[in-house]
Amino acid sequence: MARAGLSAAVLVAAAADMADEDGIDGVTLSALARRFGVKDASLYSHVRNLRDLRVRVALLASEEMTARIADAVVGRSGKEALVAFADAYRAYALERPGRYAATQMRFDPEEVADSAGLRRSVELTYGMLRGYGLREPDLTDAARLLRSTFHGFAHLELGGGFGHAREVRASWARALDALHVALANWPSHAPGEEEEEE
């Protein structure tokens, strides 16, 4: 029988907080049950297993992060939109490290098929890139470049990987300057490579 006051939403919110405190690997059903003072079995009325719990944390984080990015880029275009998008992305990753790490999990398509947050994230990314006049396959290539840059920078920053005395924020700003130049001057297709139809 489900314990009064427990629900999937309550458990996922608590697990997301645990992820930020202890890392996503620290989120276990036993640890979550201890937090609520219940037996592990009490959780199975609300989540199927540990994988289900962590995926739900990732989807929650995706929705939170996407909402933050959407608020940041509204009414902006070009470099202004790029910087707003990137700054919101980095801020979320630094402020919510466990939740952010959860969003980097590999998902089975059926696990995320109903995720409005992930769909909106793709829409925001491609919408911002269309402002640079890009079409497929360049949209996908550019989206991969942005994700690699944003994630790589945030991952290194979270892990203390930038030991040089230069202020990290200054390097971030210059990286965004370079991305803007790259997007604004996107190279033409390699010989023999045809554009894909949208």
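Here, the structure is the one placed above.
These remarks concern the structure in this document. (Residues numbered from 1 in each chain as written. Predicted model: local features only at pLDDT ≥ 70, side-chain atom pairs only at ≥ 80, totals over all residues. Heavy atoms only, no water.)

## A few points about unusual backbone geometry
The bulk of non-glycine residues show a negative phi, and the bulk of peptide bonds are trans. This is how it is decided: The helix count covers DSSP runs of H or I at least four residues long, the strand count covers runs of E at least two residues long, and both are numbered beginning at the N terminus.
With an omega of 5°, the peptide bond between Glu136 and Pro137 qualifies as cis. One can find Pro137 in the loop between α7 (116-130) and α8 (138-158).

## Details of the environment of Leu183
As a reminder, the rule being used: Two residues qualify as a contact provided that any one of their heavy atoms is within 4.5 Å of a heavy atom in the partner residue.
Positionally, Leu183 belongs in helix α9 (residues 168-184). Considered as a pair, Leu183 and Leu6 are 177 residues apart in the sequence and their alpha carbons are 47 Å apart. The residues contacting Leu183, other than those within four sequence positions of it, are Leu82, Leu129, Tyr132, Leu134, Ala142 and Leu146.

## Examining the packing of aromatic side chains
Any pair of aromatic rings gets described here by the distance separating the centres and the angle formed by the planes. Selection rule: Stacked, tilted and edge-to-face pairs are distinguished by plane angle, under 30 degrees for stacked and over 60 for edge-to-face with tilted covering the rest, among Phe, Tyr and Trp rings (Trp via its six-membered ring) whose centres lie within 6.5 Å.
The tally for this structure, following the rule as stated, stands at 6 aromatic pairs. Ring centres of Phe153 and Phe162 lie 4.8 Å apart, and the angle between their planes is 45°; on these two criteria the pair is classed as tilted. Put simply, the rings of Phe85, Tyr89, Tyr100, Phe150, Phe153, Phe162 and Trp172 touch in pairs and so form one group of aromatic residues.

## Focus on the environment of Lys79
We count it as follows: What qualifies as a polar contact is a pair of N or O atoms within 3.5 Å, subject to a donor-acceptor requirement within protein and to the restriction that residues adjacent in sequence count only when both atoms come from side chains.
Note on placement: Lys79 falls in helix α4 (residues 78-95). Distance in space between the C-alpha atoms of Lys79 and Tyr132 is 9.0 Å, their sequence separation being 53 residues. Setting aside anything within four residues of it in sequence, one finds Lys79 in contact with Tyr132, Asp177 and His180. Polar contacts involving the side chain of Lys79 include one to the side chain of Asp177, which spans 2.6 Å.

## Quick look at the nonpolar core
To keep things clear, this is the line we draw: Residues belong to a common nonpolar core when they are buried Ala, Val, Leu, Ile, Met, Phe, Trp, Tyr or Cys residues joined through side-chain atoms within 4.5 Å. The buried label applies to any residue whose accessible area, calculated with a 1.4 Å probe on protein chains only, is under 20% of its type's maximum; exposed applies above 50%, and partly exposed to all values in between.
Of all hydrophobic cores here, the largest spans 33 residues; its most connected members are Ile69, Leu82, Met128, Leu129, Leu146, Phe150 and Leu183. Per-element tally for this core: the top contributor is α4, with 9 residues. Among residues more than four places away in sequence, those in contact with Ile69 are Phe85, Ala88, Tyr89 and Leu124. Judged by nonpolar contacts, the second largest core, of 26 residues, contains Met18, Val47, Leu53 and Met105.

## Overview of the pattern of salt bridges
To be explicit about the condition: Salt bridges are defined by distance alone: a side-chain nitrogen of Lys or Arg within 4 Å of a carboxyl oxygen of Asp or Glu.
Counted according to the given criterion, the structure contains 15 salt bridges. Between Arg51 and Glu111 there is a salt bridge, and its shortest N-O distance comes to 2.8 Å. Linking Arg51 in helix α3 (residues 50-73) with Glu111 in helix α6 (residues 109-112), this pair joins segments that are 60 residues apart in sequence. Between Asp87 and Arg169 there is a salt bridge; the shortest N-O distance is 3.2 Å. Of the two residues, Asp87 sits in helix α4 while Arg169 sits in helix α9, which places them 82 residues apart along the sequence. With relative accessibility at 21%, the residue Asp87 sits in the partly exposed group.

## Digging into the packing of α4 against α9
How we decide: Here the axes come from fitting lines to C-alpha atoms, over the contacting stretch only for helices, and the angles between their N-to-C directions go from 0 to 180 degrees. Should an angle fall under 35 degrees it is called roughly parallel, over 145 degrees roughly antiparallel, and 65 to 115 degrees roughly perpendicular, with every other angle called oblique. Note: crossing handedness is left-handed where the near helix turns anticlockwise from the far helix by less than a right angle, and right-handed where it turns clockwise. Gly is put with the polar residues, along with every residue not named as nonpolar or charged; the nonpolar set is Ala, Val, Leu, Ile, Met, Phe, Trp, Tyr, Cys and Pro, and the charged set is Asp, Glu, Lys and Arg.
α9 packs onto α4 with a crossing angle of 140° between their chain directions and a minimal axis gap of 10 Å. As summarised for this structure, α4 and α9 are arranged oblique, according to the angle between their axes. Read as a crossing pair, α4 and α9 show a hand that is right-handed. Residue-level inspection shows Lys79, Leu82, Val83, Ala86, Asp87 and Arg90 of α4 in contact with α9, the latter providing Val168, Arg169, Trp172, Leu176, Asp177, Leu179, His180 and Leu183. Taken together, the residues that form the contact of α4 with α9 break down as 8 nonpolar, 1 polar and 5 charged.

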